[in-house]
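Reading the structure
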Amino acid sequence: MTEALTVKNVTLGEGKPCICIPLTSSTKEALIKEAERYQQEGADIVEWRADMFEEVENHKAVEQVLTELAAALKGIPLIFTFRSHQEGGEKELSKADYASLNQFVIETELADLLDVEFYQGEETVKKLISAAHQRNTYIIISNHDFQKTPSKSEIVNRLNQADKLGGDVLKVAVMPKETDDVLELLTATNEMKKHTKKPMITMAMGPLGVISRLSGQVFGSVLTFGAGEKASAPGQIPVGELHHVLDVIDKSTAGK
């Protein structure tokens, strides 16, 4: 059974999945407007996709955005994410610059969670986890495959490796080519519940994978991403529709 993780006023791993809305604007002013709107629209968590920010390599500019986002979100937890190009992001940083940016964000203590990519390397991931935990910040260890859906055993293996590295939340996203791929992802998520008590976030992307964004309460994914200003990954659902469907599933599975 998943051990719930509470971040500010949000608990991951209890009841229906939390809804996270990504901030995808390129300027500080637009990002703050997005955050204010999503705060009113009922986001449980907000993710800043910093790879879409035009000044992401300027640490002072990043800190200024984080400061203003914290004020605009009024207590809603914030995930900081720089998504590398190979995992679907808008920009590429060297491994050293990736580590430096995330280390800087940890030191500001303005983000509640950081998404750290598994394939940045064990040394980088472990250093960032250690630094984050010293500042009461949580780490999501993630892997995104935009080309295919690995086998069930490989998905479970990646989640297990993220667990062993010490991540607080384990995340895998895959790209299905056929319906069997979606079943592979859902089966792997369900299987992984036998191996860890940590919260997991899993999804199959694109139109075929929409069901995986809705069924977390059944299979074991604790968070789903809704489309805000624009989708940050293929297959994201508008927030209002997402709330409705998750409520229906929650009522249907109550007491099960």
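Residues numbered from 1 in each chain as written. Predicted model: local features only at pLDDT ≥ 70, side-chain atom pairs only at ≥ 80, totals over all residues. Heavy atoms only, no water.

For the rest of this paragraph, the subject is the sheet that holds strand E3 (residues 18-23). One open sheet holds the nine strands; their spatial order is E9-E8-E7-E6-E5-E4-E3-E10-E11, and the pairing between them is parallel. If you trace the sheet from one side to the other, it starts and ends with strand E9 (200-204) and strand E11 (237-238), each paired once. Across four bridges, E3 lies against strand E4 (residues 45-49) in parallel orientation. Bridge assignment links Leu 23 to a residue of E4, and that residue is Trp 48. Sitting on the sheet, helix H4 (residues 122-133) is in contact with strand E6 (113-117) and strand E7 (138-145), with an inclination near 150 degrees to E7. In the packing of helix H6 (residues 179-192) onto the sheet, the strands contacted are strand E8 (169-174) and E9, and the crossing angle to E9 comes to about 170 degrees. (Pairing = 2+ DSSP bridges. Helix = DSSP H or I, 4+ residues; strand = E, 2+ residues; numbered from the N terminus. Contact = heavy atoms within 4.5 Å. Axes fitted to C-alpha atoms, helices over the stretch in contact; angles between N-to-C directions.)

Moving on, we come to the UniProt feature "binding site: 3-dehydroquinate" (unreviewed entry) in the protein. As recorded in UniProt, the sites labelled "binding site: 3-dehydroquinate" (unreviewed entry) are Glu 47, Trp 48, Arg 49, Arg 83, Arg 213, Ser 232 and Gln 236. Of the annotated residues named above, the ones that line the second largest cavity are Arg 213. Its location among the elements puts Glu 47 in strand E4. As for its position among the elements, Arg 83 is in the loop between strand E5 (78-81) and helix H3 (95-108). With near-sequence residues (within four places) excluded, Arg 83 lies in contact with Glu 47, Arg 49, Asp 51, Gly 88, Gly 89, Glu 90, Lys 91, Asp 115, Glu 117, Ser 142, His 144 and Lys 171. (UniProt positions renumbered as here; feature names shortened; annotations may be inferred. 1 Å grid on protein atoms, 1.4 Å probe; cavity = no way out; pocket = protein on both sides within 12 Å on 5 of 7 lines; lining within 4 Å.)

With that out of the way, let us pick up the packing of aromatic side chains. Both the distance between ring centres and the angle between the ring planes are used here to describe each pair of aromatic rings. One pass over the full model with this rule turns up four aromatic pairs. Plain terms: the ring middles of Phe 82 and Tyr 98 are 6.3 Å apart, the flat faces sit at 75 degrees to each other, and that makes the pair edge-to-face. Note that Phe 82 is positioned in the loop between E5 and H3 and Tyr 98 in helix H3, a separation of 16 residues in sequence. Comparing Phe 82 with Tyr 98, the two get one shared label, buried. Seen from their ring centres, Phe 118 and Tyr 119 are 4.9 Å apart, and the 80 degrees between their planes marks the pair as edge-to-face. On the accessibility criterion, Tyr 119 (41% relative accessible area) is partly exposed. These aromatic residues form a ring-pair network of at least three members: Trp 48, Phe 53 and Phe 80. (Phe/Tyr/Trp six-rings, centres within 6.5 Å; stacked < 30°, edge-to-face > 60°. Buried < 20%, exposed > 50% of the residue type's maximum accessible area, 1.4 Å probe, protein only.)

This next bit is on the UniProt feature "active site" (unreviewed entry) in the protein. The sites that UniProt annotates as "active site" (unreviewed entry) are His 144 and Lys 171. A compact arrangement is adopted by the annotated residues: their sequence extent is 28 residues, whereas the largest C-alpha distance between any two is 8.4 Å. Locating His 144 in the fold gives a position in strand E7. When near neighbours in sequence (up to four residues on either side) are disregarded, His 144 contacts Arg 83, Glu 87, Asp 115, Lys 171 and Ala 173. Of note, Lys 171 is situated in strand E8. Apart from residues lying up to four places away in sequence, Lys 171 is in contact with Arg 83, Asp 115, Ile 140, Ile 141, Ser 142, Asn 143, His 144, Leu 159, Ile 201, Met 203 and Phe 225.

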